[in-house]
Amino acid sequence: MIRVRFAPSPTGYLHVGGARTALFNWLYARRHGGVFVLRIEDTDAERSSEAMVEGILDGLRWLGLDWDEGPHTGGTYGPYFQSQRLERYRATAERLVADGHAYYCYCTPDDIRVKRDAAEASSGVGTWRYDRTCCALTGDDIAARERDGRPRAIRVRAPERTIAFDDAVHGSIAFDGANLEDFVILRSDGHPTYHLSVVCDDVDMKMTHVVRGDDHISNTPKQIVLYQALGAPVPTFAHVPLILGSDKKRLSKRHGATSVIEYARQGYMPEAMVNFLALLGWSPGEGDREVFTREQLIAAFDLSGISGGNAVFNVEKLDWFNQQHLWSLPPAELGWRVKPVLERAGLWSDVYAGDKHAWFDAVLQLLKTRAKKIDDFAELGRYFFTMEPAYDPAAVARHLRTDGMRDHLVAIDEAFDALPTFDVDTTEQAVRTVAEVRGVKAATLIHAVRVALTGRTASPGLFEVAVLLGRQVTKARLAQALTLIASPVGG
RNA sequence: GCCGGUAUCGUCUAGGGGUCAGGACACGUGGUUCUCAGCCACGGGACCGGGGUUCGAAUCCCCGUACCGGUACCA
């Protein structure tokens, strides 16, 4: 049984890099019928709170990455908050001391800094490692220090041998034991360091694979030392590359939104984000397919398809993915998603979900190819959802306040009145006939009517718009345009 | 400094001893149309550098370089 985990620190929101790591873990678990565990690394009590944890969970929920064990869901290997497992880490560290794999260290961080500075000043190189002073302590030495009440940390004895492992992404990676020092696993305040808590938890929670950020590669040998000292099996590691900003620097606010929730707020769809993130640093190999549903990703995912190099987060491509997924949404589903956007914009009416739902769906279908994000529908379709479309002054000046336009519009209004049915063909025919009769180009009239109906110069096909607006509203807008023409410029 | 990782169009990537080095996003041009979007067609654009191995290297090896990460009683 494959068991993987995502172990974020509760920073208050889910970063896109973390989201991708979570996604890879989730896909791997789902692909192989394994278990996806969510564990919160909140040992730093100062910097974490329940609200921050919820921020992370919200991000995961939005992406649709459900966890089998973790906060709220529980599980047999809990608790899933590191802050609740402190005793466990302490006991493990003591056990390692008892086993001879670790020892008490009474050197203070200050002692060590002084030694390091001195050593590096004389040698000129920064390769000083902890000199194992406390490793050599006799029972009497220790007793004496304990009597003095000296604070003590716990360090593991790092082996001399080379530590190598087979990374699922990078292949074989080896570290010379000479570069490993006896590192601290339990601080003098009784708190574990990161190395102890992750290994301890990953062992306790029976992780078979550790899929995490590239930045942990150099930590891995230390952790392997711990696994071995603990007599636990070493999991398979897969270190996934980082996500960078457009300047190839670590992704930060300066590059735009870094929180997945922020993208949710901007109107991106979770299925698009999932698709985009999955293909950022992972490729299904053969075939040119790029658009995947969640299920298709699960079926295609494999750790071996993860590339070794860092990837740049490219919003334009995200936009494209969003568009692709937007277009493949069934009409009713699209309406359901647009509703909250219109509500926020004050453009929603319950009839859109009731008597006028067919009309509403038709409007959305018409706007669809022009929308990149769900939020775009509010702006793109404003004139459908309110009786007071916003007239763009420049558009009015250019297309409405022109010579003879007043009379042209009156003629069109009359032509519309006379139509037996108000459909795309009849309205188009009517406008073209007026153009011919009055000796103007049809395009001129079409542009003018577009501004009259929508307030802007760009819209879907004019006659589709007119028909959806209906004869009454169309006539009302033409009338409104006439008063605009008559009103003083700028007024 | 030391340790580790990575290097194919601007970006995400496929491929991998002999290929016209493929696709996608973005970009440019043309077409369609009432505008915009879309759609269709076409186009420009890449194997980091230097050595070596080889009949042949983008591919394998070495060395550089660049970038990223680590080098803590941070996670």
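Treat the numbers as computed from the prediction; the structure is a model and nothing was measured.

Thresholds applied
- Throughout, a residue's number is its position along its own chain's written sequence, starting from 1.
- Lettering for chains starts from A, numbering for ligands starts from 1, and both go in the order in which the items are written.
- Since the coordinates come from a predicted model, pLDDT governs what is reported: local features require at least 70, and pairs of side-chain atoms require 80 or more to be given and counted, while whole-chain, interface and lining totals use all residues.
- Only hydrogens and water are set aside when side-chain values are computed; all heavy atoms of the structure are taken into account.
- If a single non-hydrogen atom of a residue is within 4 Å of a molecule or strand, that residue counts as near it.
- Between N or O atoms, a polar contact is any pair within 3.5 Å; within protein, one atom must be a potential hydrogen donor and the other a potential acceptor, and residues adjacent in sequence are included only when both atoms are from side chains.
- Where helices and strands are cited, they refer to DSSP runs of H or I of at least four residues and of E of at least two residues respectively, numbered from the N terminus.
- Amino acids outside the nonpolar list (Ala, Val, Leu, Ile, Met, Phe, Trp, Tyr, Cys, Pro) and the charged list (Asp, Glu, Lys, Arg) are all regarded as polar, and Gly is one of them.
- Classification of residues uses two cut-offs on accessible area relative to the type maximum, computed with a 1.4 Å probe and protein chains only: under 20% is buried, over 50% is exposed, and between them is partly exposed.
- Here a pair means two rings of Phe, Tyr or Trp (six-membered ring of Trp) with centres within 6.5 Å. Their orientation is stacked below 30 degrees between planes, edge-to-face above 60, and tilted elsewhere.
- Grid points spaced at 1 Å over the protein atoms alone were grouped into cavities, where a 1.4 Å probe fits but cannot get out, and pockets, open sets with protein on both sides within 12 Å along at least five of seven lines, with lining residues defined by an atom within 4 Å of a point.
- Grid points are joined across faces, edges and corners, and a volume is the space filled by probe spheres set on the points.
- The domain limits used here are those given by an automatic or database domain assignment.
- Definition of nonpolar core: a set of buried residues of the types Ala, Val, Leu, Ile, Met, Phe, Trp, Tyr and Cys, connected through side-chain atoms within 4.5 Å.
- Contacts are assigned to residue pairs with any non-hydrogen atoms lying within 4.5 Å of each other.

## Some remarks on the protein's contact with RNA strand B
Then, number 1: What surrounds RNA strand B is a group of 62 residues, the closest being Gly-126, Arg-187, Glu-290, Thr-369 and Arg-450.
Then, number 2: At the protein interface, 70% of the atoms of RNA strand B within 4 Å belong to sugar or phosphate.
Then, number 3: Within the backbone of Gly-281, one N or O atom sits 2.8 Å away from a phosphate oxygen of RNA strand B.
Then, number 4: Between RNA strand B and the protein, one listed contact pairs a base oxygen with a side-chain N or O atom of Arg-370 at 2.7 Å.
Then, number 5: Mapped onto the surface near RNA strand B, the elements with two or more residues apiece are helix H4 (109-123), strand S4 (153-156), strand S6 (171-175), strand S11 (311-312), helix H11 (315-327), helix H19 (442-454) and helix H20 (462-486).
Then, number 6: Looking at which element gives the most residues to the surface near RNA strand B, the answer is H11, with 4 residues.
Then, number 7: Tallied by class, the residues present in the surface near RNA strand B amount to 23 nonpolar, 23 polar and 16 charged.

## Points about unusual backbone geometry
Negative phi is the rule for most residues except glycine; trans is the rule for most peptide bonds.
Then, number 1: The peptide bond linking Gly-78 to Pro-79 adopts the cis configuration, its omega dihedral lying at -5°.
Then, number 2: The topology assignment puts Pro-79 in the loop between helix H2 (50-63) and helix H3 (86-99).
Then, number 3: A positive phi is found at Lys-206, a non-glycine position, where the angle reads about 60°.
Then, number 4: Inspection of the secondary structure puts Lys-206 in the loop between helix H6 (194-204) and strand S8 (209-213).
Then, number 5: The class for Lys-206 is partly exposed, based on a relative accessible area of 47%.
Then, number 6: Phi is positive for Lys-248, which is not a glycine, with a value near 65°.
Then, number 7: When you line up the elements, Lys-248 lands in the loop between strand S10 (243-244) and helix H8 (260-265).

## Considerations on the packing of aromatic side chains
Then, number 1: Under the defined criterion, the tally for this structure stands at 21 aromatic pairs.
Then, number 2: Plain terms: the ring middles of Phe-165 and Phe-237 are 5.7 Å apart, the flat faces sit at 70° to each other, and that makes the pair edge-to-face. With a gap of 72 residues between them, Phe-165 in strand S5 (residues 163-167) and Phe-237 in strand S9 (residues 236-240) connect regions that are remote in the sequence.
Then, number 3: Looking at Phe-237, the relative accessible area reads 1%, which means it is buried.

## Points about the layout of surface pockets
Then, number 1: Estimated volume of the largest pocket: approximately 790 Å³.
Then, number 2: Every residue lining the largest pocket is counted, 33 residues in all, and those nearest its centre are Gly-17, Gly-18, Thr-21, Asp-215 and Arg-250.
Then, number 3: Of all the elements in the fold, those that place two or more residues in the lining of the largest pocket are strand S1 (3-6), helix H1 (16-31), H6 and S8.
Then, number 4: Top contributing element to the lining of the largest pocket by residue count: H1, with 5 residues.
Then, number 5: Within the lining of the largest pocket, the residues separate by chemical class into 14 nonpolar, 11 polar and 8 charged.
Then, number 6: Formed jointly, the lining of the largest pocket draws a minimum of three residues from each of two domains, domain 1 (3-82 + 243-315) and domain 2 (85-240).
Then, number 7: Of the voids in this model, the second largest pocket is the one considered here, and its volume is about 280 Å³.
Then, number 8: Looking at the lining of the second largest pocket, the elements that each hand over two or more residues are H4 and S4.
Then, number 9: The element contributing the most residues to the lining of the second largest pocket is H4, with 3 residues.
Then, number 10: Within the lining of the second largest pocket, the residues separate by chemical class into 11 nonpolar, 2 polar and 5 charged.

## Quick look at the nonpolar core
Then, number 1: Phe-313, Phe-384, Phe-385 and Leu-409 are the most contacted members of the largest nonpolar core, which has 112 residues in total.
Then, number 2: The biggest single contributor to this core is H20, with 11 residues.
Then, number 3: Apart from residues lying up to four places away in sequence, Phe-384 is in contact with Tyr-352, Trp-359, Val-363, Leu-366, Leu-367, Val-465, Leu-468 and Leu-469.
Then, number 4: Ranked by size, the runner-up nonpolar core spans 39 residues in total, among them Tyr-89, Cys-200, Val-210 and Ala-232.

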